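Listed here are the chains, written in short residue letters.
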Amino acid sequence: MSTRDIVWAPDRVLKTNCTPVTEIDGDIRQILDDMLETMYAAPGIGLAAPQIGLTKRLLVVDISRDDEENRPLKVINPEIVWSSEELNTYEEGCLSLPGHYGEVTRPAQVTVQFLDETGAEQRMDADGLLATCLQHEIDHLNGVLFVDHISALKRNMILKKMIKAKKQREEDEAA
Ligand code: ZN
């Protein structure tokens, strides 16, 4: 396993509608392992493939607390097949927008259908933080960031700061 570089917004890869995975092979399982390692190292509770520059419908999630055992979830080609009318608001962050947060309102419960790393079809009912996290990561696969759910004023302010931060990161890497 190895960690990958996380793409920061704004970036075209983060605005891309990702393509479904057609064959779950060793390469895909390697990517999922790398994504988990990258997410734990960050640290974060979710990571989608475009955040490491790959436009494939893959995501990983682990919402376990620090004092709990890890509960990694590897998700391929997810689809939200049901969402509740009841809504929930969480303050969301994103590894592609480090240091920035915003309140996002989403369905409180969802049912997600996906393939696991063996290619078996899975169906998961999620609520609370897991429901929000899955919706946030699935958004990534459709080129949507949490800032797309908040006011244009706040979004533009965050993206402006990100452009500066990206420039700084490039300069630091070049130094
Ligand atoms: Zn994110």
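Here, the structure is the one placed above.
Residues numbered from 1 in each chain as written. Predicted model: local features only at pLDDT ≥ 70, side-chain atom pairs only at ≥ 80, totals over all residues. Heavy atoms only, no water.

## Points about the overall build of the protein
Part 1 of the argument: Looking only at helices and strands, the protein features three helices and seven strands.
Part 2 of the argument: Moving toward the C terminus, one meets the helices and strands of the protein in the order α-β-β-β-β-β-β-β-α-α.
Part 3 of the argument: Taken against the 2.2 N^0.38 rule, which gives 16 Å for 175 residues, the C-alpha radius of gyration of the protein at 16 Å falls within 12% of a compact globule.
Part 4 of the argument: Over its C-alpha atoms, taken along the principal directions, the protein stretches across nearly 45 × 40 × 35 Å.
Part 5 of the argument: The buried share of the protein, taken over its 175 residues, is 43%.
Part 6 of the argument: Taking as baseline every contact in the protein between residues at least 6 positions apart, the subset at least 24 positions apart corresponds to 65%.
Part 7 of the argument: Entry remark: accessible area of the protein is about 9,600 Å², with carbon and sulfur atoms responsible for 47%.
Part 8 of the argument: Charged side chains in the protein number 19 positive and 31 negative. The centres of these two groups are separated by 8 Å. (Helix = DSSP H or I, 4+ residues; strand = E, 2+ residues; numbered from the N terminus. Rg over C-alpha atoms; globule rule 2.2 N^0.38 Å. Buried < 20%, exposed > 50% of the residue type's maximum accessible area, 1.4 Å probe, protein only. Contact = heavy atoms within 4.5 Å. Areas by Shrake-Rupley, 256 points an atom, 1.4 Å probe, with all protein chains shown as cover. Lys, Arg positive; Asp, Glu negative; His and termini not counted. Charge placed at Lys NZ, Arg CZ, Asp CG, Glu CD.)

## Quick word on the coordination of the zinc ion
Each donor-metal-donor angle in an ideal tetrahedron of four donors is 109.5 degrees, and each such angle in an ideal octahedron of six donors is either 90 or 180 degrees.
Part 1 of the argument: Looking at the zinc ion, the protein donor atoms are Cys94 (SG), His136 (NE2) and His140 (NE2), and they sit 2.1 to 2.3 Å from it.
Part 2 of the argument: Read in sequence order, the donor residues coordinating the zinc ion give the pattern C-x41-H-x3-H. Taken together, the residues His136 and His140, both in helix α2 (residues 128-141) and four residues apart, mark about one turn of the helix. One exposure class covers both His136 and His140, and it is buried. (Donors = N, O, S within 2.8 Å, 3.2 Å for Na, K, Ca; no water.)

## A short note on the nonpolar core
One broad trend across soluble globular proteins is that nonpolar side chains are buried collectively.
Part 1 of the argument: Formed by 30 residues in total, the largest nonpolar core has its most connected members in Ile28, Met35, Leu58 and Leu97.
Part 2 of the argument: When near neighbours in sequence (up to four residues on either side) are disregarded, Met35 contacts Leu47, Ala48, Ala49, Ile52, Leu58, Leu59 and Val60.
Part 3 of the argument: Counting residues in each nonpolar core, the second largest holds 16 residues, with Leu59, Val61, Val75 and Ala131 among its members. (Core = buried A, V, L, I, M, F, W, Y, C linked by side-chain atoms within 4.5 Å.)

## Points about the side chain of Asp116
Part 1 of the argument: Tracing the sequence through the fold places Asp116 in the loop between β6 (109-115) and β7 (121-127).
Part 2 of the argument: Buried Asp116, no salt bridge; nearest opposite-charge side chain is Arg29, N-O distance 7.8 Å.
Part 3 of the argument: Not counting residues up to four positions away in its chain, the partners in contact with Asp116 are Ile24, Lys74, Ile76 and Gln122. (Salt bridge = Lys/Arg side-chain N within 4 Å of Asp/Glu carboxyl O.)

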